[in-house]
Amino acid sequence: MSTAAIHAGWDAADDGHRALTPPIHTASAYAQPSHASLKALFQRRGDGFAYSRSGNPTTAVLEQRITALEQGIGAIAVASGQAATTIALSALAAPGGHIVASSRLYGGTTELLDDTLADAGVSCTVADPWDLEAWEAAFTEDTRAAIVESIANPGAQLVDLPALCAIAHARDVPVVVDSTLASPALYRPGEHGADVVVHSATKYLCGHGTTIAGLIVDTGRFDPRRCPQRWPQLTERNRRFGVAFAQEYSRGGSGLLGYARAKYVTDFGTTLSAASAQQILVGIETLDLRMAKVSTDAATLAARLHGLPGVARVEHPTIPGRPDAQLADRDFPRGTSGVFSLELTGGEAAAAAFCDALALWTIAVNIGDARSLVCHPGTTTHSHLTDAQRAACGVRAGTVRLSVGLEDREDLWADLAQALAVARAAAGRGAAVA
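Residues numbered from 1 in each chain as written. Predicted model: local features only at pLDDT ≥ 70, side-chain atom pairs only at ≥ 80, totals over all residues. Heavy atoms only, no water.

A few words now on the side chain of serine 102. Looking at the secondary structure, you find serine 102 in strand β2 (residues 98-102). Taking the relative accessible area as the measure of exposure, serine 102 reaches 3% and is therefore buried. A polar atom in the side chain of serine 102 sits 2.9 Å from the backbone nitrogen of arginine 104. (Helix = DSSP H or I, 4+ residues; strand = E, 2+ residues; numbered from the N terminus. Buried < 20%, exposed > 50% of the residue type's maximum accessible area, 1.4 Å probe, protein only. Polar contact = N/O pair within 3.5 Å; in protein donor to acceptor, adjacent residues only side chain to side chain.)

This is how it looks when you write it as structure tokens:
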């Protein structure tokens, strides 16, 4: 992992100046040696770059690196994690398809399914991934994709991905896994059955809160030719592009990514800039080290918070009684990242007092930063969901999400302890008023 994070996709010997790190190619277009070469690119008969909306040499290095880290067959870099999820699901399910979605998804993904994709004619059934019978019952003849998170945001719930994939694959349905919180340093979904992996590279892959980016990886498990009538957009000759994208599988490529890039990335303009790609590449170089530290520190802090006065619940896979504890042991031996949540007695008032009292933890809605961050999901990331949807995610009035950064663990603990005392006082005042 550490070696691939530094070297995959780039060899200084291939650069005219022998730059150790991939240079930032800021060109919007690329000169061609002939009319025929440019024509070939537009006819999908040649390799290279024509216009940066559909590809760039710097972003190509990032795509190769994440492909190596996830051990896939190809990847696309896009402008955000939300763009990655939107494009992956649209390429598989739109128009008119059906999606089975985990009930434990990031709020923005739930809104995407409920609103924007619904407007495009894509229907969705939500199921608890911890209930395999409910998960199986959610599939229909029109189901074209299923989506789960490897580690859920904000409650850090894990899923039995091989079991979920077995159910989907028995129906020729590919499984998309949002593995943002895990990153390939902790978990490779493709090794557990996933067909497509998406990342908000903004988070742990970047690692320093500087850049918005998203990634889509094809693990090589999905081949639409096995059930061609379900995937005409991939298996039949495309009127616009003049090719059947599934033909790329016979050459070792990904027809799904070829289709997604040609249609959705190009038409939606969800291009990742070269400068942003380079920032993610730099972040990935230290991914392995950072994930080891934040995972250890998060588990330690969660254990200390568990059972303290004023803390109604701590949501972390290592907490006694969690149904997914055995999954942590089986599938996540290196840890479960630095994100977890706690529920404070006293509801939103206590949560607000806790957040405001913190000095070292910063109130912000990002995660995976070098800095430790905190937010109240019920009024931010999950605020547009229904009460039932928030409850399914484990988001309650007193829930606070923590993203452990790279600061000293004891400094972080001291800050949490003093803020918890403030929250208990606020809860007491609220109870007295009531």
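Don't stop here, the text continues.
What follows concerns the packing of helix α4 (residues 81-93) against helix α5 (residues 107-119). At a closest axis distance of 11 Å, the pairing of α4 and α5 adopts a crossing angle of 45°. By the angle class used here, α4 and α5 are oblique. When you trace α4 past α5, the crossing you get is right-handed. Each of Gln82, Thr85, Thr86, Leu89 and Ser90 in α4 lies in contact with α5, whose residues at this interface are Gly108, Thr109, Leu112, Leu113 and Leu117. Per-class residue counts for the contact of α4 with α5 are 4 nonpolar, 6 polar and no charged. (Axes fitted to C-alpha atoms, helices over the stretch in contact; angles between N-to-C directions. Parallel < 35°, antiparallel > 145°, perpendicular 65-115°, else oblique. Left-handed = near helix turned anticlockwise from the far one by under 90°. Contact = heavy atoms within 4.5 Å. Nonpolar A, V, L, I, M, F, W, Y, C, P; charged D, E, K, R; others polar.)

Our focus in this paragraph is helix α7 (residues 161-169). Turning to α7, its buried residues number three or more, namely Leu161, Ala163, Leu164, Cys165, Ile167 and Ala168. Contacts made by the buried residues of α7 are with α6 (132-137), β4 (143-149) and β5 (175-178).

Below, the discussion takes up the environment of alanine 351. Within the element layout of this structure, alanine 351 appears in helix α15 (residues 347-357). On the accessibility criterion, alanine 351 (0% relative accessible area) is buried.

Bringing the state of the cysteines into the picture now. Counted by the stated rule, this structure contains 0 disulfides. Not engaged in a disulfide, the cysteine cysteine 206 finds its nearest cysteine sulfur in cysteine 375; these two sulfurs lie 18 Å apart. Residue classification places cysteine 206 among the buried positions, given a relative accessible area of 1%. Here cysteine 355 is not cross-linked by a disulfide; its sulfur's nearest cysteine counterpart is in cysteine 375, at 7.5 Å. (Disulfide = S-S within 2.5 Å.)

Now for the nonpolar core. Among the nonpolar cores identified, the biggest contains 55 residues, and Leu62, Trp135, Phe139, Leu161, Leu205 and Ile280 are the most heavily contacted of them. Non-local contacts of tryptophan 135, meaning those with residues more than four positions away in its chain, are made with Val100, Ala101, Ser102, Ala127, Asp128, Pro129, Ala146, Ile147, Val148, Leu164 and Ile167. Among the nonpolar cores identified, the runner-up in size contains 40 residues, and Ala83, Ala101, Leu234 and Tyr259 belong to it. (Core = buried A, V, L, I, M, F, W, Y, C linked by side-chain atoms within 4.5 Å.)

Within the open sheet, the 5 strands sit side by side as β8-β9-β12-β11-β10. Their pairing is mixed. Of all the strands in the sheet, just β8 (311-315) and β10 (362-363) have a single pairing partner and so form its edges. Across 2 bridges, β10 lies against strand β11 (residues 373-375) in parallel orientation. Residue threonine 362 lies in a different strand from β11, and its bridge partner there is leucine 373. The strands touched by helix α13 (residues 287-305) within the sheet are β8, β9 (339-344) and β12 (399-403), with β9 carrying the most contacts at an inclination of about 15°. (Pairing = 2+ DSSP bridges.)

Just geometry here; none of it tells us what the structure is for.
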